[in-house]
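Coordinates in review
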Amino acid sequence: MNRALVCIPTYNEAENIEPITRAVLLTEPRVDILIVDDNSPDGTGQIADRLAAQEPRIRVLHRAKKEGLGRAYLAAFRWALDAGYPYIIEMDADFSHDPRHLPTLLDAAEAGADLVLGSRYVTGGGTVNWGVGRQLISRGGSLYARSILGVGIQDLTGGFKCFHRRVLEGLELGQVQSTGYAFQIELTYRTLKKGFTVKEVPIIFEDRRVGHSKMSRKIFLEALTMVWRLRLGV
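Below, the structure is looked at part by part. (Residues numbered from 1 in each chain as written. Predicted model: local features only at pLDDT ≥ 70, side-chain atom pairs only at ≥ 80, totals over all residues. Heavy atoms only, no water.)

Describing the overall build of the protein
Cut-off, in case you're wondering: A run of H or I in DSSP counts as a helix once it spans at least four residues, and a run of E counts as a strand once it spans at least two, with each numbered from the N terminus. For the radius of gyration, the atom set is restricted to C-alpha positions; the globular benchmark scales as 2.2 Å times the number of residues to the power 0.38. Here's how the labels work: a residue is buried when its accessible area is under 20% of the maximum for its type, exposed when over 50%, partly exposed in between, all with a 1.4 Å probe on protein chains only. Here a residue-residue contact requires only that any non-hydrogen atoms of the pair lie within 4.5 Å. Here the open area of atoms and residues is found with the Shrake-Rupley method and a 1.4 Å probe, where only the protein chains shown may cover a residue. For this count, His and the chain ends are skipped, Lys and Arg are scored as positive, and Asp and Glu as negative. Charge positions come from single atoms, namely NZ of Lys, CZ of Arg, CG of Asp or CD of Glu.
Counting its secondary structure elements, the protein contains eight helices and nine strands. A compact globule built from 234 residues would reach a C-alpha radius of gyration of about 17 Å, and the protein, at 16 Å, matches this within 12%. Here the C-alpha coordinates of the protein stretch approximately 45 × 35 × 35 Å along the principal axes. Residue burial in the protein is summarised as follows: out of 234 residues, 53% are buried. Considering only contacts in the protein between residues 6 or more positions apart, those separated by 24 or more positions represent 81%. Carbon and sulfur atoms provide 53% of the accessible area of the protein, an area that totals close to 10,300 Å². One finds the centroid of the 30 positive side-chain charges in the protein at a distance of 6 Å from the centroid of its 27 negative side-chain charges.

Right under this line is the structure:
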């Protein structure tokens, strides 16, 4: 068992799951991978099982149905904690989170940061293949959340993260409410409220190579309202 576990939630990522796992394993020898599949109808789970049978650094957690990104990550966190991993990393399956940034995240965590956040909006970070509209929505969303929650994190909506296990053990995961992308805001905010240190390191975020975005109106609205619920403590 390695010191870090990369958790990759999947739903209909049959085209991406093998390339992304191969890239992660080649890039960072200190990590294992947990694929969390929500019963993808395109056969992603079966591909994951084949990869795990071929590679001892890959594990698979099958879930009965799609319940949102947040529920998938919470299941992965519990699995990782039970397995004894000191560091737990969140990562998308679609190459928007480039595996080349994994050593930077893990190095910062091993240097003492409680939560390391791959940030698009600190010096050296950025995005690739994004139109003006998407950039405005993303930057505006982070500014909106920062302003309401009163925190200085530049990329509150980022989902490329490395947690030390002590953070996840101290967050009372059963109280986490978000299921969509608001989950990322909520986890970082709860981490800060508990007094843990959060370090942002620059990443370049690239739009997914194949497949379709999981963003929806419902997920967007959840993020808008969740920041107020966090701020008011409800």
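We are not done yet, so read on.
So, the pattern of salt bridges
Condition: Salt bridges are defined by distance alone: a side-chain nitrogen of Lys or Arg within 4 Å of a carboxyl oxygen of Asp or Glu.
Summed over the entire model, instances satisfying the criterion amount to 14 salt bridges. Across the salt bridge formed by arginine 59 and aspartate 32, the nearest N and O atoms sit 3.3 Å from each other. You can see arginine 59 sitting in strand S3 (residues 58-62) and its partner aspartate 32 sitting in strand S2 (residues 31-37), a full 27 residues away along the chain. By relative accessible area, aspartate 32 is classed as buried at 2%.

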